[in-house]
Amino acid sequence: MPSAPHTLIRIAQIALDLPIPRLFDYLAPDLTTADIGCRVRVPFGRKYLIGIILQLDHNSTHAHDKLKPITAIYRDTPPLPAELLQLLRFCSQYYHYPLGATVLAALPTALRRAQSVHARTITTWQLNALGLAQCEARLPTRALVQRALFAVLRDGATHRAADLAASGKAYRSILRAWLTLGWVTQSSQPAPLNIQPATPDLAPNLTPAQRAAVTQVSARHGHFYAALLHGITGSGKTEVYLHLVTTALERGGQALLLVPEINLTPQLTAVFQARFPNLEIATLHSGMAEAERLTHWLAAAQGRARIVLGTRLAVFTPLPDLALIIVDEEHDSSFHQQDGLRYAARDVAVMRAQQRRIPVLLGSATPALETWHNAQTGRYALISLPQRAIADAQLPAIRLIDTRSNRPADGLSSQLLSAIEQRLERGQQSLVFINRRGYAPTLMCTECGWGAACTRCSARLVLHLRDQQLRCHHCGHVERIVHACPDCGNLDLKPGGFGTQRLEDTLTRRFSGARILRVDRDSTRAKNSWPAMQQAIRANEVDILVGTQLLAKGHDFPNLTLVGVINADNALYSTDFRASERLFAQLMQVGGRAGRASMAGEVLIQTEFPGHHLYQLLQRHDYAAFAASLLRERETSGFPPFVYQAVLRAEAPQIDTALAFLQRAKALAPTLPNVTLFDPTPATMQRKAGLERGLLLLQSANRQALQGLLTAWMPSLHALKSSAVRWHLDVDPLEI
Ligand code: ADP
Ligand code: ZN
Ligand code: ZN
């Protein structure tokens, strides 16, 4: 008997956003494989959940009469393509995070909920052939609004409400009447993504190094090719990206550019919009309103937007014609998602490029050590831009101020103050960089040594003098300032250390006429305040900037010629083995803000360790030598990238509960000769937001071995009963 060509598929395996590492079976009459990737609504317990169909089957391990049917299938958005589902499967396996939760994490929030959120659309009206033939002759002489409306529509083109409204208040009802007569055609299009029309910008001639970079990458169009673009600050990496994107578009592809932070996106979007004035560019980041993000996501998924700029979450955007991925500032820690699916977008980008067989370019002046190592060992190609793109733009001179011999009075040494003074006289801008917001990192008793601490975290409370508050930067806990020591009653409490607000005060006292602007997470909290500040800086309405790393990244302030760095030494004391790597990158980056145009820049670093090799190599702008020294250290002491790590983290009201859980977990792990499981320990910051935290580190020189162990281990972890404990696994953790 011939088999039926279209057998009815009865069971759908559905991804749901649940902390359970399996799919869920539902009855699915009338579905075909074309429905894989579709959004559905299914009953779950007493609720309904949104899920994604991942597979169709004839059988279920559950009795069919126990299975419930899918209640709705949404066909208003395109199904997730098989290729993206495959990437998500891979991520689920690699990060050992439940597949359902992984798949749902990739969707814009609007699509994770049952209410329908609509993408933004624009309705247009057009006088059709019938209307053009009949309308004019039938217009009553005195019908002014109708005549005015006809005057606009008679060109036969599509018009938006905004164009038609001027005809008169009644235009809507007239349009309705004409619709009924069959004269006008109404249609709705997706809203255009880019609101502001940009002034077009022409590509400059590439420098030889830029040209070589573009040639090298575009030659690998249609092949997997991972390359590191190591370009010093100001070397013109953006221009390389723009040219590569152009090439990818010319060959019919879509390009995806990942950037670290939301505050970089408007600037970069403007650059891309100016270069590609006739293209729709999708931007994706978590700060967007839901409907807006959905609109952009759909434009990308439908292939309408050929260029996508976004933060880490954009790495999971469906892109039917994806031909190129670029990760700008690839070393940036914001590419790491720190909760839920803990992924590194840079690594996922490389996986995606490999899967799709396309080039991926990782750009940075200070690559992550892992990336640099991959480029040194030949896993990635290494492309260098060793010079600044603008001929006479020099790298800034970096000088070290020894604060042991020149004690700074109010945080700022006399050398730095006089350097700022000079800039003021010349009408140039200065930037004072400190990685601490608030007034001072702590409030202390001068008698007994008491320091204000967070009750919910193992951390000091930061003094915010302006708001008369003590704030925990880890859990958000806020207290009013105390005026007497709770331990000894002493009334003489002193701020300890410096934050942006305190330096702002020092500068205001010292340079009374100067226009000083503080830029940190507190001063930029209001929406659009940071873009407005950037405008003011570029318009020369600011003399001195005080700020945190927000100021370090990617900005081009042409009149800025001095950068002062305060309290960088803190990172040298850190227990985190990546602290000095981060510090070097940060200082290179913030230093790169000085003297970007033709004016020479200067960087002054206040330090107690002017002889430290980090500062010495920084002074020579020698990333390669610094990276080499770090790699030697890491190799000797057995740290990444020479080993691969995973951390099992547990938190509970009591530390003993968390540690006991980790101990039980450890006992359940299969033993493999080449994977080391360390003993459970309390986390460096043991208490956070009222919970005690412990960790168990796993390490291996062999990534497959580590992965093998984790895969074998996970089911028993999920089966561990642990009501008081919350746990998660962090693969390739950024911090331990
Ligand atoms: P990076 O991102 O590598 O720090 P940018 O892309 O911001 O560097 O470029 C630094 C400056 O050099 C910018 O002002 C840019 O317009 C300019 N620039 C880049 N490439 C060229 C070029 N080929 N010719 C002239 N100017 C260039
Ligand atoms: Zn005291
Ligand atoms: Zn706290």
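Throughout, a residue's number is its position along its own chain's written sequence, starting from 1. Chains carry letters from A onward and ligands carry numbers from 1 onward, assigned in written order. Reporting in this predicted model follows two pLDDT cut-offs: at least 70 for local features of residues, and 80 or more for side-chain atom pairs to be given and counted; totals over whole chains, interfaces and linings ignore these cut-offs and use all residues. Side-chain measures were taken over the full set of non-hydrogen atoms in the model, leaving aside hydrogen atoms and water.

### Brief notes about the sheet that holds strand 16 (residues 397-402)
We treat two strands as partners when DSSP finds at least two bridges between them. Helix and strand definitions follow DSSP, with helices as H or I runs of at least four residues and strands as E runs of at least two, each counted in order from the N terminus. Here we have six strands laid out as an open sheet, ordered 16-26-25-17-24-23, and parallel in their pairing. Each edge of the open sheet is held by one strand with a lone partner, namely strand 16 and strand 23 (516-519). Averaged over all pairs of adjacent strands, the angle between their axes in this sheet comes to 20°, without regard to strand direction. Pairing of strand 16 with strand 26 (residues 602-607), which is carried by six bridges, proceeds in the parallel orientation. Bridge assignment links Arg399 to a residue of strand 26, and that residue is Leu604. By definition, residues are in contact when any of their heavy atoms lie within 4.5 Å. Interaxial angle, 0 to 180 degrees, is taken between N-to-C directions of lines fitted to C-alpha atoms, where a helix line uses only the stretch in contact. The sheet contacts of helix 17 (residues 579-591) involve strand 17 (429-433), strand 25 (560-565) and strand 26, and relative to strand 17 the element is tilted by about 165°.

### Side note on the environment of Thr311
The residue Thr311 is located in the loop between strand 12 (307-310) and strand 13 (322-328) in this model. For the exposure calls, accessible area comes from a 1.4 Å probe over protein chains only, and a residue counts as buried if that area is under 20% of its type's maximum, exposed if over 50%, partly exposed in between. On the basis of relative accessible area, Thr311 is assigned to the buried category, the value being 6%. For Thr311 and Glu608, which are 297 residues apart along the polypeptide, the C-alpha to C-alpha distance reads 37 Å.

### Digging into helix 21 (residues 703-719)
Given a rise of 1.5 Å per residue, 17 residues ought to cover 24 Å, and the 25 Å separating the end C-alpha atoms of helix 21 matches this to within 8%. The sharpest bend along helix 21 measures roughly 35° and falls at Trp713, with the proline Pro715 sitting one to four residues further on. Along helix 21, the residues classified as buried are Ala705, Leu706, Gln707, Leu709, Leu710, Trp713, Met714 and Leu717. Buried residues belonging to helix 21 abut helix 1 (82-95), strand 27 (644-652), helix 20 (655-668), strand 28 (675-677), strand 30 (691-700) and strand 31 (726-731). Whenever two N or O atoms come within 3.5 Å, that pair is a polar contact, provided that in protein one can donate a hydrogen and the other can accept it, and provided that, for residues adjacent in sequence, both atoms are side-chain atoms. A side-chain oxygen of the first residue of helix 21 lies 2.8 Å from the backbone nitrogen of Gln704; this N-cap is Asn702. One fewer than the residue count of a helix, multiplied by 1.5 Å, yields its expected span. Axes are fitted to the seven residues ending at a residue and to the seven starting at it; the angle between these axes is taken as the bend at that residue.

### Comments concerning the confidence of the model for the protein chain
Every residue is assigned a pLDDT by the predictor, reflecting its confidence on a scale from 0 to 100. Taken as a whole, the protein chain shows an average pLDDT of 92; of its residues, 97% reach a score of 70 or greater. Low pLDDT (under 50) marks residues 1-5, which in the prediction has zero contacts with non-local residues, meaning those over four places away or in another chain.

### Observations regarding the site of ligand 1
What surrounds ligand 1 is a group of 17 residues, the closest being Asn205, Gln210, Gly234, Lys237 and Thr238. For ligand 1, an oxygen atom lies 3.1 Å from a polar atom in the backbone of Gly236. Every accessible area reported is derived by Shrake-Rupley at a probe size of 1.4 Å, with residue values counting cover from the shown protein chains alone. For ligand 1, whose free accessible area comes to 560 Å², the fraction covered by protein is 72%. Considering every element that reaches the shell around ligand 1, the biggest residue donor is helix 9 (residues 237-250), with three residues. Gly falls in the polar group here, along with every residue not listed as nonpolar (Ala, Val, Leu, Ile, Met, Phe, Trp, Tyr, Cys, Pro) or charged (Asp, Glu, Lys, Arg). Grouping the amino acids of the shell around ligand 1 by side-chain chemistry returns five nonpolar, eight polar and four charged. Think of it this way: one heavy atom of a residue within 4 Å of a molecule or strand is enough to make that residue near it.

### Some remarks on the domain arrangement of the protein chain
Domain assignment breaks the protein chain into domain 1 (6-112), domain 2 (121-190), domain 3 (208-385), domain 4 (397-440 + 497-633) and domain 5 (644-731). Computed from C-alpha atoms alone, the centre-to-centre distance between domain 1 and domain 5 is 29 Å. In this assembly, seven residues from domain 1 lie in contact with eight residues from domain 5. Summing both sides of the interface, domain 1 and domain 5 together bury roughly 620 Å²; the carbon and sulfur share of this comes to 58%. Three residues stand out in domain 1 for area buried against domain 5, namely Tyr94, Tyr95 and His96, and they jointly supply 82% of the buried area on that side. Note on definitions: salt bridges are taken to be side-chain nitrogens of Lys or Arg within 4 Å of carboxyl oxygens of Asp or Glu. Along the contact surface separating domain 1 from domain 5 lie zero salt bridges. Those domain boundaries reflect an automatic or database domain assignment. The term buried area means the drop in 1.4 Å probe accessible area that two parts suffer when joined, counted for both and summed.

### Observations regarding the coordination of the zinc ion (ligand 2)
Note on metal geometry: ideal angles are 109.5 degrees for four donors arranged tetrahedrally and 90 or 180 degrees for six donors arranged octahedrally. Ligating atoms shown are N, O and S within 2.8 Å of the metal, or 3.2 Å for Na, K and Ca, and water is not included, meaning a site may look less than complete. Bound to the zinc ion (ligand 2) are the protein donor atoms Cys445 (SG), Cys448 (SG), Cys485 (SG) and Cys488 (SG), situated 2.3 to 2.4 Å from the metal. Tetrahedral means four donors with every angle between 85 and 135 degrees, whereas square planar (four donors) and octahedral (six donors) require angles over 155 degrees between opposite donors and between 65 and 115 for all others; sites fitting neither are termed irregular. Note that the zinc ion (ligand 2) binds four donor atoms; their angles at the metal cover 104 to 116°, and the shape is tetrahedral. Donor residues for the zinc ion (ligand 2), ordered by position in the chain, follow C-x2-C-x36-C-x2-C. Of this pair, Cys445 sits in strand 18 (residues 442-445) while Cys485 sits in the loop between strand 21 (478-480) and strand 22 (493-496), and the two are 40 residues apart along the sequence. Note on Cys445: relative accessible area 6%, which makes it buried.

### Considering the coordination of the zinc ion (ligand 3)
Within the protein, Cys454 (SG), Cys457 (SG), Cys472 (SG) and Cys475 (SG) serve as the donor atoms for the zinc ion (ligand 3), at 2.2 to 2.4 Å. Taken in chain order, the donor set of the zinc ion (ligand 3) reads C-x2-C-x14-C-x2-C.

### Quick look at the packing of aromatic side chains
Pairing of aromatic rings covers Phe, Tyr and Trp, the last counted by its six-membered ring, and requires centre-to-centre distances within 6.5 Å; plane angles under 30 degrees mean stacked, over 60 mean edge-to-face, and any other angle means tilted. As enumerated under the stated definition, the model contains 12 aromatic pairs in all. Residues Trp372 and Tyr623 carry aromatic rings whose centres are separated by 5.0 Å and whose planes lie at 90° to one another, so their mutual orientation is edge-to-face. Placement of Trp372 in helix 13 (residues 369-376) and of Tyr623 in helix 19 (residues 623-637) is noted, with a sequence separation of 251 residues between them. For Trp372, a relative accessible area of 7% translates into the label buried. One aromatic cluster is present, formed by Trp372, Phe584, Tyr623 and Phe626 through successive ring pairs. When the NZ atom of lysine or the CZ atom of arginine is within 6 Å of a ring's centre and also within 35 degrees of its normal, the charge is said to sit over that ring. Against the face of Tyr48 rests Arg41, its NZ or CZ located 4.2 Å from the ring centre. Sitting over the ring of Phe498, Arg502 keeps its end group 4.3 Å from the ring centre.

### A look at the packing of helix 8 (residues 208-218) against helix 9
Packing of helix 8 against helix 9 leaves a shortest axis separation of 10 Å and a crossing angle of 35°. Here the hand of the crossing between helix 8 and helix 9 comes out right-handed. On helix 9, the residues touching Gln210, Ala213, Val214, Val217 and Ser218 of helix 8 are Glu239, Val240, His243, Leu244 and Thr247. Among the residues forming the contact of helix 8 with helix 9, the class breakdown is five nonpolar, four polar and one charged. Note: crossing handedness is left-handed where the near helix turns anticlockwise from the far helix by less than a right angle, and right-handed where it turns clockwise.

### Quick word on the nonpolar core
We call a set of buried Ala, Val, Leu, Ile, Met, Phe, Trp, Tyr and Cys residues a nonpolar core when their side-chain atoms join them within 4.5 Å. Core analysis: the biggest nonpolar cluster contains 118 residues, and Tyr95, Val103, Phe316, Leu587 and Trp713 have the highest contact counts within it. Once residues within four sequence positions are removed from consideration, Trp713 is found in contact with Leu648, Ala665, Lys666, Leu668, Ala669, Pro670, Leu696 and Leu698.

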